[in-house]
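Each chain, written out:
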Amino acid sequence: DVDAEQRWLTLVTLAANGRVGEAEIDAEFERDTTSYGQAYSAQARGALADPEVREAVWADITGGKVSNTVQRNLCLGTSRASAESLVPYAERYYADAKAQWDNHTVEIASNMLEYAYPVQLAGRTDLGVDIVALGQAWLADNQDAAAACRRLVAESVDRAERAVRAQAADRAGN
């Protein structure tokens, strides 16, 4: 028999790869209603690519209506989602960043700014989005944002810049 944590880790991976949906996540949560089950079910939901689910996940991440734990795990699941499913959220991340900081607790805002950053889009200009350029523009245009908010966004942009440099080095055979 496979223990609950292994079942959840497998389910999150399957969700991120489009092999399961909300029904399977709900069924596993009925089997494991512990705090771990709650966290992992949020991660699995956050990893789903379905556009309707992605929209509901983003609303939960930015809306301040779910617990810190659920919101953080939705963000962590989003970090496992496919780049293609996150394209609509590249601009929205930046559009929501300042308001997230200004209108929510530090914990909720930090979760979104750190863990929901769509770093999977780094270097994926083939998808019609340049996450680094969007971030640089946001930083230039939001000098009045709270220092901690700017720092979290700047760190995320820096992570994307490092990813782009690493991709270039890989292509060059370095």
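Because the structure is predicted, anything quoted here is derived from the model rather than measured.

**Considering the packing of aromatic side chains**
No. 1: Under the criterion given, the structure shown has five aromatic pairs.
No. 2: Taking the centre distance of 5.0 Å and the plane angle of 80 degrees together, the rings of Tyr 93 and Tyr 117 count as edge-to-face. Residue Tyr 93 is located in helix α6 (residues 83-103), and its partner Tyr 117 is located in the loop between α7 (106-115) and α8 (131-141); the two are separated by 24 residues in the primary sequence.
No. 3: Here Tyr 117 falls in the buried class, since its relative accessible area comes to 1%.
No. 4: A connected cluster of aromatic rings, assembled from ring pairs, spans Tyr 93, Tyr 94 and Tyr 117.
No. 5: Its end group placed over the ring of Tyr 89, Arg 54 keeps NZ or CZ at 6.0 Å from the ring centre.

**What to know about the packing of helix α1 (residues 4-16) against helix α2 (residues 22-31)**
Two measures define how a pair of helices packs: the angle their axes make with one another and the distance between the axes.
No. 1: Where α1 meets α2, the closest approach of the two axes is 11 Å, and the angle between their N-to-C directions is 170 degrees. Taken together, α1 and α2 sit at an angle that is classed as roughly antiparallel. Residue-level contacts link Arg 7, Trp 8, Leu 11 and Ala 15 of α1 to Glu 24, Ile 25, Glu 28, Phe 29 and Arg 31 of α2.
No. 2: Taken together, the residues of the contact of α1 with α2 sort by class into five nonpolar, no polar and four charged.

**A few points about the nonpolar core**
No. 1: Counting residues in each nonpolar core, the largest one holds 46 residues, and the members touching the most others are Ile 61, Tyr 93, Tyr 94, Leu 113, Ile 131, Trp 138 and Val 153.
No. 2: The set of elements that each furnish at least two residues to this core consists of α1, α3 (35-47), α4 (51-63), α5 (68-78), α6, α7, α8 and α9 (147-172).
No. 3: In terms of residues, this core owes the most to one element, α6, which gives eight residues.
No. 4: With near-sequence residues (within four places) excluded, Leu 113 lies in contact with Tyr 93, Ala 97, Trp 101, Cys 149, Leu 152, Val 153 and Ser 156.

**Describing the confidence of the model for the protein**
No. 1: Taken as a whole, the protein shows an average pLDDT of 96; of its residues, 100% reach a score of 70 or greater.
No. 2: The secondary-structure element of the protein with the lowest mean pLDDT is α1, recorded at 96, while α8 shows the highest, at 98.

**Examining the side chain of Gln 120**
No. 1: Along the polypeptide, Gln 120 turns up in the loop between α7 and α8.
No. 2: Among the polar contacts made by the side chain of Gln 120, one reaches the main-chain carbonyl oxygen of Ser 79 at a distance of 3.1 Å.
No. 3: Polar contacts involving the side chain of Gln 120 include one to the main-chain carbonyl oxygen of Ala 81, which spans 3.0 Å.
No. 4: The contact partners of Gln 120, leaving out residues within four places of it in the chain, are Thr 78, Ser 79, Arg 80, Ala 81, Ala 83 and Leu 86.

**Notes on the pattern of salt bridges**
No. 1: Under the criterion given, the structure shown has eleven salt bridges.
No. 2: With a shortest N-O distance of 2.7 Å, Arg 7 and Glu 28 are connected by a salt bridge. On the criterion of sequence distance, the pair formed by Arg 7 in helix α1 and Glu 28 in helix α2 is long-range, its members being 21 residues apart. We note that Arg 7, like Glu 28, is buried.
No. 3: The closest approach of N and O atoms between Asp 126 and Arg 124, which form a salt bridge, is 2.9 Å.
No. 4: The class of Asp 126 is exposed, set by a relative accessible area of 57%.
No. 5: Arg 124 sits in the partly exposed class, given a relative accessible area of 25%.
No. 6: Here the residues in one salt-bridge network are Arg 7, Glu 28 and Arg 31, joined through shared partners.

How each quantity is defined
Residues numbered from 1 in each chain as written. Predicted model: local features only at pLDDT ≥ 70, side-chain atom pairs only at ≥ 80, totals over all residues. Heavy atoms only, no water. Phe/Tyr/Trp six-rings, centres within 6.5 Å; stacked < 30°, edge-to-face > 60°. Helix = DSSP H or I, 4+ residues; strand = E, 2+ residues; numbered from the N terminus. Buried < 20%, exposed > 50% of the residue type's maximum accessible area, 1.4 Å probe, protein only. Lys NZ or Arg CZ within 6 Å of the ring centre and 35° of its normal. Axes fitted to C-alpha atoms, helices over the stretch in contact; angles between N-to-C directions. Parallel < 35°, antiparallel > 145°, perpendicular 65-115°, else oblique. Contact = heavy atoms within 4.5 Å. Nonpolar A, V, L, I, M, F, W, Y, C, P; charged D, E, K, R; others polar. Core = buried A, V, L, I, M, F, W, Y, C linked by side-chain atoms within 4.5 Å. pLDDT = per-residue confidence, 0-100. Polar contact = N/O pair within 3.5 Å; in protein donor to acceptor, adjacent residues only side chain to side chain. Salt bridge = Lys/Arg side-chain N within 4 Å of Asp/Glu carboxyl O.

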